[in-house]
Amino acid sequence: MTTSMHPRVNKEAVADLIREVAAAEILPRFRNLKEGDTRQKSPGDFVTIADESAELALTPGLLAILPGSVVVGEEATAKNPDVMKALAGTAPVWVVDPIDGTGNFASGNEGFVSMLALIQGDDVLASWIFHPVTGQMTIALKGEGVTIDGREIAPFKPVAEPKGVLAYGSRGVPGIAELVDQRRARLNQVKSSRAAGIDYVRMAQGEIDFTYFSGIMPWDHAPGAMVIRELGGHIGYIRGDESYRPSQALQAAGILAAISHDTWRDVHSKLFGEK
């Protein structure tokens with residue numbers, strides 16, 4: 001990461017920061033939330049004291065690792081949506097999801113991760129997906145591939161019968177969920193983990209071959225987008241087949257990722273084609 005569009009970042013320093021914050025702010029509260037520690041930002045969209053405290057702890061550490069950068073955190077954006085404007089700017093941007101899978105976390109389910117993505121000029125340059133309970137760390141760097149716990153992950157290979165996750169609900173454009181529900185039988189589905197970051201890692205590990213999400217915010221998908229791209233897959237919004245751009249989330253209807261462009265087109269056609 002040495003060119004002008006690739007800020008020099010110590011990937012292990014970022015990984016260590018994520019681990020430290022998870023150990024201090026997230027794990028002590030797992031299965032130990034007290035009354036008032038969980039609330040809904042909007043119907044079905046939960047936040048806990050662990051989400052908020054972890055984001056606050058990560059922010060100064062990230063700014064110190066990369067001076068001149070800015071942080072776009074899920075919880076900060078919930079309070080001030082204008083924070084999102086930084087994604088299309090020239091400064092390096094850290095997109096932070098302190099707990100992806102908050103619903104799982106709040107219910108005592110281990111299906112949650114902490115995620116970061118580094119973006120500049122609306123392009124994803126690097127990402128980290130960390131599972132606080134198991135300690136698994138997935139790192140993807142643009143042009144340098146993907147590692148899980150230091151082990152290099154091989155690029156995607158074609159499969160005869162792709163299987164994947166359809167995660168849709170009240171979020172997103174009206175009518176899309178109903179359409180997906182009507183056409184879901186056209187695809188070979190497996191159960192969602194209810195955490196986008198976990199499902200993207202499942203793709204990297206060969207467990208699934210595509211994912212569709214009606215929720216499209218950048219902290220949920222920018223980290224996974226880097227993983228999918230580095231392994232030769234394709235990710236894009238369902239109303240276009242162009243390169244994924246985090247800043248376009250507010251105008252998007254849903255997001256689809258697949259192990260290849262051909263698989264992406266096939267899944268897209270079955271779900272959103274004219275017939």
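Use the structure listed above.
Residues numbered from 1 in each chain as written. Predicted model: local features only at pLDDT ≥ 70, side-chain atom pairs only at ≥ 80, totals over all residues. Heavy atoms only, no water.

Examining the overall build of the protein
- Within the protein one finds 8 helices and 14 strands.
- Taken over C-alpha atoms, the radius of gyration comes to 18 Å for the protein, in line with the 19 Å a tight globule of 275 residues would show.
- Overall, the protein is about 50 × 50 × 35 Å in size when its C-alpha atoms are taken along their principal axes.
- Out of the 275 residues belonging to the protein, those deemed buried represent 54%.
- Partitioning the contacts of the protein with sequence separation of at least 6, the portion at a separation of at least 24 is 63%.
- When the accessible surface of the protein is summed, it comes to about 12,100 Å², and 51% of that surface belongs to carbon and sulfur atoms.
- The distance from the centre of the 27 positive side-chain charges to the centre of the 34 negative ones in the protein is 4 Å. (Helix = DSSP H or I, 4+ residues; strand = E, 2+ residues; numbered from the N terminus. Rg over C-alpha atoms; globule rule 2.2 N^0.38 Å. Buried < 20%, exposed > 50% of the residue type's maximum accessible area, 1.4 Å probe, protein only. Contact = heavy atoms within 4.5 Å. Areas by Shrake-Rupley, 256 points an atom, 1.4 Å probe, with all protein chains shown as cover. Lys, Arg positive; Asp, Glu negative; His and termini not counted. Charge placed at Lys NZ, Arg CZ, Asp CG, Glu CD.)

Quick look at the pattern of salt bridges
- Counting across every chain of the model gives 11 salt bridges.
- In this structure, the salt-bridge partner of Arg184 is Asp181, at a minimum N-O distance of 3.6 Å.
- Notably, a salt bridge pairs Arg265 with Asp262, separated by 3.2 Å at the nearest N-O pair. Placement of both Arg265 and Asp262 in helix H8 (residues 261–272) is noted, with a separation of 3 residues, approximately one turn of the helix.
- A single network of salt bridges, built from pairs that share partners, joins Asp123, Lys142 and Arg229. (Salt bridge = Lys/Arg side-chain N within 4 Å of Asp/Glu carboxyl O.)

Brief notes about the sheet that holds strand E14 (residues 255–258)
- Pairing is mixed in the open sheet, where 5 strands are placed in the order E11-E10-E12-E14-E13. Strand pairing shows two members of the sheet lacking a second neighbour, strand E11 (188–189) and strand E13 (234–237), which therefore form its edges.
- Of the strands in this sheet, strand E10 (163–167), strand E12 (210–213), E13 and E14 touch helix H6 (residues 196–204), which is tilted by about 165° from E12. (Pairing = 2+ DSSP bridges. Axes fitted to C-alpha atoms, helices over the stretch in contact; angles between N-to-C directions.)

A few points about helix H7 (residues 218–230)
- For H7, with 13 residues, the first-to-last C-alpha span of 18 Å sits near the 18 Å given by 1.5 Å per residue.
- With 12 of 13 residues buried, H7 is to be regarded as a mostly interior element.
- Among all positions in H7, only Pro218, Trp219, Asp220, His221, Ala222, Pro223, Gly224, Ala225, Met226, Val227, Ile228 and Glu230 are buried.
- Immediately downstream of H7, the backbone of Gly232 shows phi near 95°, a positive value. (Expected span 1.5 Å × (residues − 1).)

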